[in-house]
Amino acid sequence: MRAVGLHADVIVATSRVYQTTCTLVRSGGEAFCIDSPVLPDELDILPAMAGQAGFTVVGLLATHADWDHLLGRYAFPEAPLGCSDTTAARLVNEPGAAQRELRDFDERFYVERPRPLSLPSAQRLPVPGKVEVGDLELELQPADGHTEDGMAVWIPWARVLVCGDYLSPVEIPMLHPNGSAAAYLATLKRLEPLVDEAERVVPGHGEPIDGTRAAAILREDRAYVEALLEQGEAAKLPLARRTAEQRRIHAENARLVA
Ligand SMILES: [Zn+2]
């Protein structure tokens, strides 16, 4: 797991699998952990890593309800979970889905966990709106489209945008069966002014990138999703994201918009 400091108050750890990102943000003696790494050793080391850097994690935030972003409780078992209304609703409406998908992943790769994943009932945060950490505030924006739920987190004093599963340098826009291409485009539009202001952008998957690179990815992703809607399977993939796995995701996207 790689960890980088983006700002005195922001650390990002990137998982060795899926490059899922986990962002620690602090103010005034309190810190939140946004999303999570995936592997057990990464989750084990996270509290010590946070502690050594002077981040006292008092709460978990999830950008959306996909299982690979929800594992923070393995690292911080006492911390309450905050998320958007849409994510809280998904957790209620799909009971056990995250646990099931985590178990499928673990069985496939022979991964062992110390215990089953326990998810507390989530606190619903106002989105769009703000949530306090220490004596400062994080700004929350809706970010649906990849899935039916989700939020992006803007850290104003650090000019860092934690956007969930958008603007990834390693993954093309991915539509889940409950996602929507039109909502995806609306989210890109909503994120655009924040990307323009951002010093760094933390995608759900892939290393943190600077604002200029994120703006370029945003343009590529918009072009891809628009082409997907118009041409389906014939849409061209972004140049730097054309691996076999990305082509598989593309075929799935095309099937969903058809
Ligand atoms: Zn994800």
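Here the structure is a predicted model, which means the values were calculated and not measured.

Re the environment of A183
The topology assignment puts A183 in helix 5 (residues 181-197). C-alpha of A183 to C-alpha of P37: the two residues are 146 residues apart in sequence and 26 Å apart in space. Ignoring anything within four residues of it in the chain, the contact list for A183 reads D144 and G145.

Points about the coordination of the zinc ion
Coordination sphere of the zinc ion, protein contribution only: H69 (NE2), D165 (OD) and H205 (NE2), at 2.1 to 2.2 Å. For the zinc ion, the single-chain donor residues occur in sequence as H-x95-D-x39-H. Placement of the pair is H69 in the loop between strand 5 (57-61) and helix 2 (72-75) and D165 in the loop between strand 11 (160-164) and helix 5, with a sequence separation of 96 residues.

A closer look at the environment of A198
Note that A198 resides in the loop between helix 5 and strand 12 (200-203). Residue classification places A198 among the buried residues on the basis of a relative accessible area of 8%. Between the C-alpha atom of A198 and that of V162, which follows or precedes it by 36 residues, the distance is 10 Å. Apart from residues lying up to four places away in sequence, A198 is in contact with W154, R159, L161 and G211.

Focus on unusual backbone geometry
The residue after V127, namely P128, is reached through a cis peptide bond having omega 0°. Here P128 lies in the loop between strand 7 (123-125) and strand 8 (129-133). Although it is not a glycine, Q19 sits at a positive phi angle of roughly 50°. Position of Q19 relative to the elements: it lies in the loop between strand 2 (10-14) and strand 3 (21-27). The partly exposed category is assigned to Q19, whose relative accessible area is 26%. Positive phi, close to 55°, is recorded for L167, a residue that is not glycine. Looking at the element boundaries, L167 is found in the loop between strand 11 and helix 5.

Notes on the sheet that holds strand 4 (residues 30-34)
Paired through backbone hydrogen bonds, the strands of a sheet run either parallel or antiparallel to each other. An order of 1-2-3-4-5-6-7 is seen for the seven strands of this open sheet, with the pairing classed as mixed. A single partner strand is all that each edge strand has here, and the edge strands are strand 1 (2-7) and strand 7. If you compare each strand with its neighbour and ignore which way they point, the axes differ by 25° on average. Inspection of the sheet shows strand 4 paired to strand 5 by four bridges, in the parallel sense. Paired with F32 across the two strands is G59, which belongs to strand 5. In the packing of helix 3 (residues 85-93) onto the sheet, contacts are made with strand 6 (81-84) and strand 7, and the angle to strand 6 comes to roughly 110°.

Rules behind the numbers
- Residues numbered from 1 in each chain as written.
- Predicted model: local features only at pLDDT ≥ 70, side-chain atom pairs only at ≥ 80, totals over all residues.
- Heavy atoms only, no water.
- Helix = DSSP H or I, 4+ residues; strand = E, 2+ residues; numbered from the N terminus.
- Contact = heavy atoms within 4.5 Å.
- Donors = N, O, S within 2.8 Å, 3.2 Å for Na, K, Ca; no water.
- Buried < 20%, exposed > 50% of the residue type's maximum accessible area, 1.4 Å probe, protein only.
- Pairing = 2+ DSSP bridges.
- Axes fitted to C-alpha atoms, helices over the stretch in contact; angles between N-to-C directions.

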